[in-house]
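Remarks on the overall topology
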Amino acid sequence: MAAPLIKICGINDPAALDAVIRARADYAGFVFFAPSPRNLSPATAAALAARAQGHVRKVGLFVDADDAVIADAVAAARLDALQLHGGESPERAAHLKARFDLPVWKALPVTSPADVAQAGAYAGAADLVLFDAKTPKGTLPGGMGLSFDWSLVAHWQGPLAWGLAGGLTPENVAEAARLTGAPLVDTSSGVESAPGVKDAGRIAAFCAAARGA
Ligand SMILES: O=C(O)c1ccccc1NCC(=O)[C@H](O)[C@H](O)COP(=O)(O)O
């Protein structure tokens, strides 16, 4: 089985970005969502994006954001993909894909087979679905370090590309990748020492474990 692609989300300072580049992750995630401890201003994102350019692809994460917020982030950070982590409909995903001419990733919270089946509705509208844990009401819709029952998405065969997120760590990512066959794995909390504070050693360990090294 091929090693999964790797996304490290919630990059918010140069040291964390350098760790992601050193570990040869495929994607760095920039969070544009004010309530998040990982939130970035467009100006900070622009500086990080300049450092990332040519080394790692940049995914902008948004939660039910309006077009103007996304436009500012796309322009500042020269994003390579948009990750939608709220309640965005297939129509909204298709609109953003067309407007920004960028791949769109749609995160879907999973607790049941019916949640997984929702992914089909995004075929053609999004490029990738990211199966993630459902978070408790009143908390962030992602980035909480919670995992879900991986058997629900094991070897998922659907009409679009997919990835696995939610509570992945250096300690469990190899098992998650083996059980699910996920083509992409995504982590944030699992490589932090505190919310919003990335740990370079854990980023390196996560990437090595995901690759089976
Ligand atoms: O990271 C955040 O603060 C965040 C806020 C709002 C929506 C999503 C958010 N993060 C999503 C991710 O970082 C990942 O795509 C995924 O949910 C994994 O997070 P974690 O369980 O912390 O590894």
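Residues numbered from 1 in each chain as written. Predicted model: local features only at pLDDT ≥ 70, side-chain atom pairs only at ≥ 80, totals over all residues.

1. Comments concerning the overall build of the chain
Counting secondary structure elements, the chain contains seven helices and 10 strands. Whereas a compact globule of 213 residues would reach a radius of gyration of roughly 17 Å, the chain reaches 16 Å, a difference of no more than 12%. Here the C-alpha coordinates of the chain stretch approximately 40 × 40 × 35 Å along the principal axes. Across the 213 residues in the chain, those meeting the buried criterion constitute 46%. (Helix = DSSP H or I, 4+ residues; strand = E, 2+ residues; numbered from the N terminus. Rg over C-alpha atoms; globule rule 2.2 N^0.38 Å. Buried ≥ 20, exposed ≤ 12 C-beta atoms within 10 Å, placed from the backbone.)

2. A word on helix 2 (residues 42–52)
Considered for burial, the residues of helix 2 that qualify are Ala45, Leu48, Ala49 and Ala52. Down the axis of helix 2, the sector holding all buried residues measures 105°, keeping them to one side. Summarising the geometry of helix 2, the exposed residues directed more than 90 degrees from the buried face are Ala43 and Ala50. Check the buried side of helix 2 and you find it contacts helix 1 (14–22), strand 2 (27–32), strand 3 (57–62) and helix 3 (67–77). Count one or two residues on from helix 2 and you reach glycine 54, which has phi positive near 85°. (Arc of directions from axis to C-beta. Contact = placed C-beta atoms within 7 Å.)

3. Looking at the pairing of strand 4 (residues 81–84)
In terms of strand pairing, strand 3 meets strand 4 through four bridges, oriented parallel. Within strand 4, the position partnered with phenylalanine 62 by the bridge is leucine 84. Handedness of the crossover joining strand 3 and strand 4 through helix 3 is recorded here as right-handed. Viewed along the sheet, the connection from strand 4 through helix 4 (residues 90–100) into strand 5 (residues 104–110) turns out right-handed. (Pairing = 2+ DSSP bridges. Right-handed = clockwise from strand over helix to strand, strands pointing away.)

4. Topic: the environment of leucine 160
Mapped onto the elements of the fold, leucine 160 is located in the loop between strand 6 (128–133) and strand 7 (161–165). Sequence-distant contacts of leucine 160, that is, excluding residues within four places in its chain, are made with Tyr122, Ala123, Ala126, Asp127, Leu128 and Val129.

5. Regarding the site of the ligand
The immediate surroundings of the ligand are formed by 27 residues, with Ser36, Gly142, Gly143, Ser188 and Ser189 found nearest. Where the shell around the ligand is concerned, the elements lending two or more residues are strand 2 and strand 8 (184–187). (Near = placed C-beta within 6 Å.)

6. Re the UniProt feature "domain: N-(5'phosphoribosyl) anthranilate isomerase (PRAI)" (unreviewed entry) in the chain
Residues annotated by UniProt as "domain: N-(5'phosphoribosyl) anthranilate isomerase (PRAI)" (unreviewed entry) correspond here to residues 6–207. Here residues 6–207 runs as 31% helix and 23% strand, with 7 Å between its end C-alpha atoms. (UniProt positions renumbered as here; feature names shortened; annotations may be inferred.)

7. Brief notes about the sheet that holds strand 2
Strands pair in a sheet through their backbones, by hydrogen bonds, and they do so in one of two ways: parallel or antiparallel. The eight strands are arranged 1-2-3-4-5-6-7-8 in a closed barrel whose pairing can be described as parallel. Direction aside, neighbouring strands of the sheet carry axes that sit 25° apart on average. Where strand 4 and strand 5 come together, three bridges link them in parallel fashion. The residue of strand 5 that forms the bridge with leucine 82 is valine 104. Against the sheet, helix 4 makes contact with strand 4 and strand 5, and its axis sits at roughly 160° relative to strand 5, the strand it touches most. (Axes fitted to C-alpha atoms, helices over the stretch in contact; angles between N-to-C directions.)

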